[in-house]
Structures are given as structure tokens and as C-alpha cells.
Amino acid sequence: MSPAKGEKLIEVKGLEKHFKHVEVLRGINIDICKGDVVAVIGPSGSGKSTFLRCLNLLEEPTGGQIVFEGVDITSKETKIDQMRQKIGMVFQQFNLFTNMTVLDNVSAGPVLVKGMKKDEARKLAQSLLERVGLGDRGGAYPIQLSGGQQQRVAIARALAMQPDVMLFDEPTSALDPEMVHEVLDVIQQLAREGMTMVVVTHEMGFAREVANRVVFIDEGVIMEEAAPAEFFGSPKNPRLKDFLGKVL
Ligand code: ADP
Ligand code: MG
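With an unreviewed UniProt entry as reference, the chain is termed ATP-binding cassette domain-containing protein, source organism Ruthenibacterium lactatiformans. The Subcellular location (unreviewed entry) comment attached to the chain in UniProt states, word for word, "Cell membrane". In its Sequence similarities (unreviewed entry) section, the UniProt entry covering the chain states "Belongs to the ABC transporter superfamily."

Given below as C-alpha cells:
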């Protein structure tokens, strides 16, 4: 059963990730609760993507624990495929299936992974495309869409698995500036609907307005975490002050 709003959804305890000799994550601790929108910011190379990828075990942690809905997903006994279905992910590069229509991109996962009937999956996909403002583009191929539209399809595709949390890794970084808003608006709408989300972003306005918690990762640890007003209004860590000085 999914936890109720405000209950812990993901507990990250002392998470570490090394690649050979490189220590990328050096002990990340954070609890993510149902309904949280956590914005993650930090310099390039600080471990933000690695952190997100560890949350759904696209990267295998080398230390620490991730407890998802009460289940230790870092334990060898856990069936990760089942857990992963509950964790949607959207990447900077949209990663759509280029040889499939938009509707098929969105309906494929439920059919292949969840065994949903094709008709039902197509209905679900159509309703999700409508939700991201692309109800009339189901028959198109990804290459026929703009970057912003493709990213909205990628969001619909992730939602089709009916995840309990959505992870976004710089969802607007590959977009032309005029398309950033249409994607952020969709994410903001999800936030209003109560979706739990972790969003790595360089969009400080978005972090301030949409997130309820902002996290600064630097050198593989969380250096500061606060509600947006405090985070941006009175940052404490000198490295965060320096970072905000450069990006704001
Ligand atoms: P960010 O997303 O904050 O820019 P990343 O998590 O992508 O940072 O990367 C953090 C560090 O980990 C970087 O120094 C990067 O080179 C290193 N890294 C990431 N993935 C790998 C990998 N598969 N093998 C070796 N090093 C990696
Ligand atoms: Mg990254």
C-alpha cells in the first residue's frame, strides 16, 4: 500500500557511490515524504545525477541504504523490477523510442511490463497525452515534435506506469529557452496534484516556487537543505552562497 501524504516514501541513509577510485556520493542522508517536491541543485559534477540514478538503482550504491515504501531496495533479496515500476524517471535527453508513435511510446510500458490490455493502455496513454497538452499528437513520431513536446511525452510515458514518485534529471536543460516553460508547467501541475517528485534543476525560479524543499548537493554530500524561502533568502553554507551568487 502507498503511504499517505506526509509519510516517509523514501529513506536514504548514508548513501555512497564510488566509481573505481572516484568517490562520487559520500554519505547522502534524506527522507522524502509523500507529496514532497524536492528540488536538487548544485554544481556540475557534484553527484546529482548519480544520486537520482541510485534512487531507482540504475546505479548500484556502494554503501548505505535506500528504503522505498518500507522496503530496503539495496538489499540483495529485493525484487527491484517491481519496485522500479513505482519510480518514474525523466531524463535531460528525452530517450523516446524513435521508431514508435507518441501514443505507442506512452502505452508500451503498461502493456509490456504490467500486462495491461492494449485497449486499456491506449486509453490511459490518450488521457495522459491530454494531461500534458498533447492529446492531438498521439499519431506523430517523436522526430516530428519539438523538444518541449518530446519531453512532455517522456513525462506522460513515465506517468503511464502509475509511479508513486517521479525523478527528473534536468528535464529542461536540453530545451530551447522558449520551451522550458511548457515542461515546467506540466511538472508544476503534477505538484499541485500531489505527486511526490525529486527534480534536479538549474531553474532557480522553479525551485523557489514549486518545491517545498530545496537541497544543495556539493562534492557528493547534502551541504544544505531548507524550505525555498529560507534556502534562497538566508543560505548558510558558504559554498551555497557562492553557488547562488553565480546562478541567480
Ligand atoms: P552531476 O549530475 O551533479 O553533474 P554526476 O552525478 O553526473 O554529477 O557525476 C558526478 C561525478 O561522477 C563526476 O565526476 C562524473 O565524472 C562521475 N561519474 C558519473 N558516472 C560515472 C561512471 N559511470 N563512471 C565513472 N565516473 C562517473
Ligand atoms: Mg547531472
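Structure shown, so let's carry the discussion forward.
Moving on, we get to the UniProt feature "domain: ABC transporter" (unreviewed entry) in the chain. Residues annotated in UniProt with the feature "domain: ABC transporter" (unreviewed entry) correspond here to residues 10–244. Secondary structure over residues 10–244 splits into 38% helix and 26% strand, and the C-alpha atoms at its two ends are 27 Å apart.

Attention now goes to helix α1 (residues 48–55). By the criterion of burial, α1 is predominantly enclosed, with six of the eight residues buried. Where α1 is concerned, the buried positions are K48, T50, F51, L52, C54 and L55. Among the residues trailing α1, L57 stands out with phi positive, at a value near 60 degrees.

Let's shift gears to the side chain of T101. One can find T101 in the loop between β6 (87–90) and α3 (102–114). Here the side chain of T101 touches D104 through a polar contact of 3.1 Å, landing on its backbone nitrogen. Residues contacting T101, with those up to four places away along its chain left out, are G138, G139, A140 and Y141.

The rules behind these values
- All residue numbers refer to position in the chain's written sequence, counted from 1.
- Lettering of chains starts at A and numbering of ligands starts at 1, both following the order in which they are written.
- Only residues with pLDDT of at least 70 get local features here, since the model is predicted, and only at 80 or more are side-chain atom pairs given and counted; chain-wide, interface and lining totals rely on the full set of residues.
- Hydrogens and water molecules were not included; the side-chain quantities draw on all heavy atoms of the structure.
- UniProt positions are given in the numbering used here, feature names are shortened, and annotations may be inferred rather than shown by experiment.
- Here a strand is any run of E in DSSP of at least two residues, a helix any run of H or I of at least four, and the numbering for each starts at the N terminus.
- Here the term buried applies to any residue with accessible area under 20% of the maximum for its type, exposed to any over 50%, and partly exposed to those in between, with areas from a 1.4 Å probe on protein chains only.
- Counted as a polar contact is a pair of N or O atoms within 3.5 Å, where, for protein atoms, one must be capable of donating a hydrogen and the other of accepting one, and residues adjacent in sequence contribute only when both atoms are in side chains.
- We call two residues contacting when some pair of their heavy atoms lies within 4.5 Å.

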